[in-house]
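These are the residues of each chain, in order.
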Amino acid sequence: MALNYDQAVAKYEPTLGLEVHVELNTHSKMFCSCSTEFGAEPNTQTCPVCLGLPGALPVVNGKAIESSILIGLALNCSIAPFSRFARKNYFYPDMPKNFQTSQYDEPICVNGYLDVEIETDEGAKQFRVEIERVHMEEDTGKSLHVGGATGRIHGADYSLLDYNRAGIPLVEIVTKIVGGTGKYAPQVARAYVTELRDILRSLQVSDVKMEQGSMRCDVNLSLAPIGSGALGTRSETKNVNSLRSVERAVVGEVVRQANRLETGERIVQETRHFLEESGQTRPGRSKEQAEDYRYFPEPDLVPVVPNSEWIEVLRATLPEKPSIRRKRLQDEWNVSDKEMASLVNAGLLNVVEATISLGADPARARSWWLGEISRLANEKEVDPISLISASQVAEVIQLIEAGELTDKLARQVVEGVIAGGGTPVQVIAQRGLKVVSDDSALMIAIEAAIAAQPDTADRVRGGNIPAAGALIGAVMKATGGQADAAKVRELLLKHLGKGE
Amino acid sequence: MAAISRDDVAHLAKLARIEMSEAELDHLAKELDVILGAVARVQEVAGADVPPTSHPIPVNNVVREDVVRPSLTQQEALSGAPAQADGRFKVPQILGEE
Ligand SMILES: [Zn+2]
């Protein structure tokens, strides 16, 4: 009889370890001046350094070091007074140098922590996740395996390599062993990655998009019988590319390992791949022949020795902690936990805050960004904030509040701005999108509507106010939807002797 | 006691994906042992007061501004490749790895 998750955690204690890789958002690569821009033609952003050509000499990107130190400070780490790069030697075509420049025993940041909050049966509870290290390295190239039935590497006839991504700055954040979570291991893992993502976003050091691979998580997990005090053999699950998947991967591995242990089978120390569809993992490369990367200090790069003044300058630029900021904004805007979560998850918190600070009403700012603009962004499969600026949205909202635009017209203005029609004011001028608020112009349309539907008008005069809807509709139609419906209603009822 | 065994050399050859014959392994193990022996003598000279060094010049914090400069063209990048397809480097299939 196979154990389910609840049965598994009733018998076994899970121990977690999380490794998160983050692509930094620098303009140029880690050790050369090639662009990091996504989506270029293959092998158009390479040079002798990132192609590993003989004699090429790397130089570190200063901005990447700053970003790494900022990450360490935000995670309560000590910044190493002396730090060095190391060569991680392995022979695989995704790294044309035959090594990855990384850090080994002298990482830039060590010994931090991150407190996360989860919901338990006894209410909200805080867990401290300790951070072992934050180190700098570089991303690898992209392989395309051609031939074979599955598109996977087995059975592939050959591989095609694009090195545009090779050398993009990566930061790896490694936790210490996270124990004592009991059955809450999946929630703790997810809360940690979520909080980490929010912190990195607030630092503006990465665009932290898990779906697009700029933030990737490896989940290490082992089980031991409850009360044994022992540590089991761990598996490392890669390819976990969403917050939900982090949680599911932990559940999947707990169940898999518990059932192996139940039947007396051994847990193999290995890399496993997360399967998005089933929430299970499948074995990857076995690590039983122990990794042998033959690390040694990188002779082409000089040590990084951050002085304390520099560190303090960086520390002074640390933004408000995301958890504290979220609480503050939620109070200021008076919104529900759920709406707050959608703003955060959509990555719209900053832009909504900016829109409001430019004078827009908070409720309208939220609804425009989460609603219409997100919808248009979805259609175009782009980021909402790439479509329109906070100041343009604030301008549109202020025009709505001034009664110069209806919601319907405002949507047309926003669409116009997004289509490249210029500023809201320019779009309004070009397309003639102004509310018809001139009473005399509206009265002409109202009288025409009454003349066309005399029976309806009589019913309204007789006290059937809802019947006015047909007349208001006719006026709106006659004015091309540009009239303010509330204004039309007010004028119409007054004209028919039913005004307040 | 040799500084490097024949098994060590076989292991390194495997990591580097270099196919070596039995004769080559025997030959190389001996040669490498001589080289390592020579380096070991140099190591004896360094006292406890000499820290291990990774760079010949005692200089720290050499960094670049985060500025993009022109890269090679695709054609230039691929010019030394033994094989290419679709603007990419073409390499033989890789066995036994994910
Ligand atoms: Zn380059």
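Residues numbered from 1 in each chain as written. Chains lettered and ligands numbered in written order. Predicted model: local features only at pLDDT ≥ 70, side-chain atom pairs only at ≥ 80, totals over all residues. Heavy atoms only, no water.

Attention now goes to the overall build of chain A. The number of helices and strands found in chain A is 16 helices and 15 strands. Taking all 500 residues of chain A together, the buried fraction comes to 51%. Long-range contacts, defined as pairs at least 24 residues apart, comprise 68% of the intrachain contacts of chain A with a sequence gap of at least 6. For chain A, the exposed surface amounts to about 22600 Å²; the carbon and sulfur share of it is 50%. (Helix = DSSP H or I, 4+ residues; strand = E, 2+ residues; numbered from the N terminus. Buried < 20%, exposed > 50% of the residue type's maximum accessible area, 1.4 Å probe, protein only. Contact = heavy atoms within 4.5 Å. Areas by Shrake-Rupley, 256 points an atom, 1.4 Å probe, with all protein chains shown as cover.)

This brings us to the interface of chain B and chain A. You'll often see interface size given as the accessible area lost when the parts meet. Every contact between the two is made by 39 residues of chain B and, on the other side, 55 residues of chain A. Carbon and sulfur atoms make up 55% of the area that chain B and chain A hide from each other, which totals about 4000 Å². Applying the counting criterion to the chain B and chain A interface returns 0 salt bridges. Where the side of chain B that touches chain A is concerned, the elements lending two or more residues are α1 (6-15), β1 (63-64), α3 (74-78) and β3 (88-92) of chain B. Here the side of chain B that touches chain A takes 5 residues from β3 of chain B, the largest share from any one element. Considered class by class, the residues forming the side of chain B that touches chain A number 17 nonpolar, 12 polar and 10 charged. Relative to β3 of chain B, strand β9 (residues 158-162) of chain A runs antiparallel, the two sharing 4 bridges. Pairing of S159 of chain A across the sheet is with V91 of chain B, part of β3 of chain B. (Buried area = accessible area lost by both parts, 1.4 Å probe. Salt bridge = Lys/Arg side-chain N within 4 Å of Asp/Glu carboxyl O. Nonpolar A, V, L, I, M, F, W, Y, C, P; charged D, E, K, R; others polar. Pairing = 2+ DSSP bridges.)

On to a nonpolar patch on the surface. All names here are of chain B. There is a patch of nonpolar side chains on the surface, built from I57, V59 and V62 and spanning about 230 Å² of accessible area. In this fold, I57 is placed in the loop between α2 (22-45) and β1. By relative accessible area, I57 is classed as exposed at 52%. (Patch = residues over 30% accessible without salt bridge, like charges linked within 9 Å, V, L, I, M, F, W, Y side chains within 5 Å.)

All names here are of chain B. Chain-level pLDDT for chain B is 89 on average; 94% of the residues reach the 70-or-more range. Considering each helix and strand of chain B separately, the mean pLDDT is smallest for α1, with a value of 90, and largest for α3, with 97. Scored by ipTM, the complex comes to 0.89, with pTM at 0.77. (pLDDT = per-residue confidence, 0-100.)

We now examine the packing of helix α13 (residues 439-452) of chain A against helix α14 (residues 454-461) of chain A. Relative placement of two packed helices is described by the angle separating their axes and the distance separating the axes. Residue and element names in this part refer to chain A. Between α13 and α14, whose axes approach to 5 Å, the crossing angle comes to 105°. As summarised for this structure, α13 and α14 are arranged roughly perpendicular, according to the angle between their axes. Mapping the contact onto sequence places I450, A451 and A452 in α13 and P454, A457 and R461 in α14. Tallied by class, the residues present in the contact of α13 with α14 amount to 5 nonpolar, no polar and 1 charged. (Axes fitted to C-alpha atoms, helices over the stretch in contact; angles between N-to-C directions. Parallel < 35°, antiparallel > 145°, perpendicular 65-115°, else oblique.)

So, about the coordination of the zinc ion. Residues and elements named next belong to chain A. Protein-derived coordination of the zinc ion comes from C32 (SG), C34 (SG), C47 (SG) and C50 (SG), at a distance range of 2.3 to 2.4 Å. Here the zinc ion binds 4 donor atoms, and the angle range of 100 to 115° at the metal identifies the geometry as tetrahedral. Between the donor residues of the zinc ion, the gaps in sequence give the motif C-x1-C-x12-C-x2-C. The exposure class assigned to C34 is buried, which follows from its relative accessible area of 2%. (Donors = N, O, S within 2.8 Å, 3.2 Å for Na, K, Ca; no water. Tetrahedral: all angles 85-135°; square planar, octahedral: opposite > 155°, others 65-115°.)

Another point: the environment of A419 of chain A. Relative to the helices and strands, A419 of chain A is located in the loop between α11 (407-418) and α12 (424-431). Note: C-alpha distance between A419 of chain A and A360 of chain A (59 residues apart in sequence) is 22 Å.

It is worth spelling out the environment of G422 of chain A at this point. Residue and element names in this part refer to chain A. Within the secondary structure, G422 is located in the loop between α11 and α12. Judged by its relative accessible area of 27%, G422 is partly exposed. Remark: the alpha-carbon pair of G422 and Q392, spanning 30 residues in sequence, is separated by 9.8 Å. Once residues within four sequence positions are removed from consideration, G422 is found in contact with Q392, V417 and V427.

Let us now look at the pattern of salt bridges. All names here are of chain A. For the structure on display, the rule yields 36 salt bridges over all chains. The closest approach of N and O atoms between D300 and R87, which form a salt bridge, is 3.4 Å. A residue pair is termed long-range when its members are at least 10 positions apart, and D300 in the loop between β15 (296-297) and α5 (308-316) and R87 in strand β4 (residues 86-89) qualify at 213 residues. Judged by relative accessible area, D300 falls into the partly exposed class, the value being 31%. R328 is the partner of E320 in a salt bridge, and the nearest nitrogen-oxygen pair spans 2.8 Å. You can call E320 partly exposed: its relative accessible area is 31%. Among the charged side chains, a network of salt bridges with common partners joins E320, R325, R328, E332 and E353.

Take the packing of aromatic side chains next. Under the definition given, this model contains 5 aromatic pairs over all chains. Consider the rings of Y90 of chain A and Y293 of chain A, whose centres lie 6.3 Å apart with planes at 75°: the pair is edge-to-face. Pair noted here: Y90 of chain A is in the loop between β4 and β5 (99-102) and Y293 of chain A is in the loop between β14 (281-286) and β15, with a separation of 203 residues, a long-range link. The interplanar angle of 75° and the centroid separation of 6.1 Å between the aromatic rings of Y293 of chain A and Y295 of chain A together place this pair among those described as edge-to-face. An aromatic cluster of at least three residues, connected via ring pairs, comprises Y90, Y104, Y293 and Y295 of chain A. Across from the ring centre of Y293 of chain A, 4.5 Å away, lies the NZ or CZ of K88 of chain A, which sits over that ring. In this structure, K90 of chain B packs its charged tip against the face of Y158 of chain A, placed 4.2 Å from the ring centre. (Phe/Tyr/Trp six-rings, centres within 6.5 Å; stacked < 30°, edge-to-face > 60°. Lys NZ or Arg CZ within 6 Å of the ring centre and 35° of its normal.)

According to the domain assignment, chain A contains domain 1 (5-310), domain 2 (322-431) and domain 3 (439-495). Distance from the C-alpha centre of domain 2 of chain A to the C-alpha centre of domain 3 of chain A: 32 Å. (Domains from an automatic or database assignment.)

This part takes up the sheet that holds β3 of chain B. The strand order across the open sheet built from 4 strands is β8(A)-β9(A)-β3(B)-β2(B), with neighbouring strands paired in antiparallel fashion. The sheet is open, and its two borders are formed by β8 (142-146) of chain A together with β2 (84-85) of chain B, each paired with just one other strand.

A word on the side chain of Q100 of chain A. Residues and elements named next belong to chain A. With respect to the element layout, Q100 can be found in strand β5. Here Q100 falls in the buried class, since its relative accessible area comes to 6%. Here E138 takes part through its backbone oxygen, which lies 2.7 Å from a polar atom of the side chain of Q100. Ignoring any residue separated from it by four or fewer positions in sequence, one finds Q100 in contact with A86, R87, K88, Y90, M95, E137 and E138. (Polar contact = N/O pair within 3.5 Å; in protein donor to acceptor, adjacent residues only side chain to side chain.)

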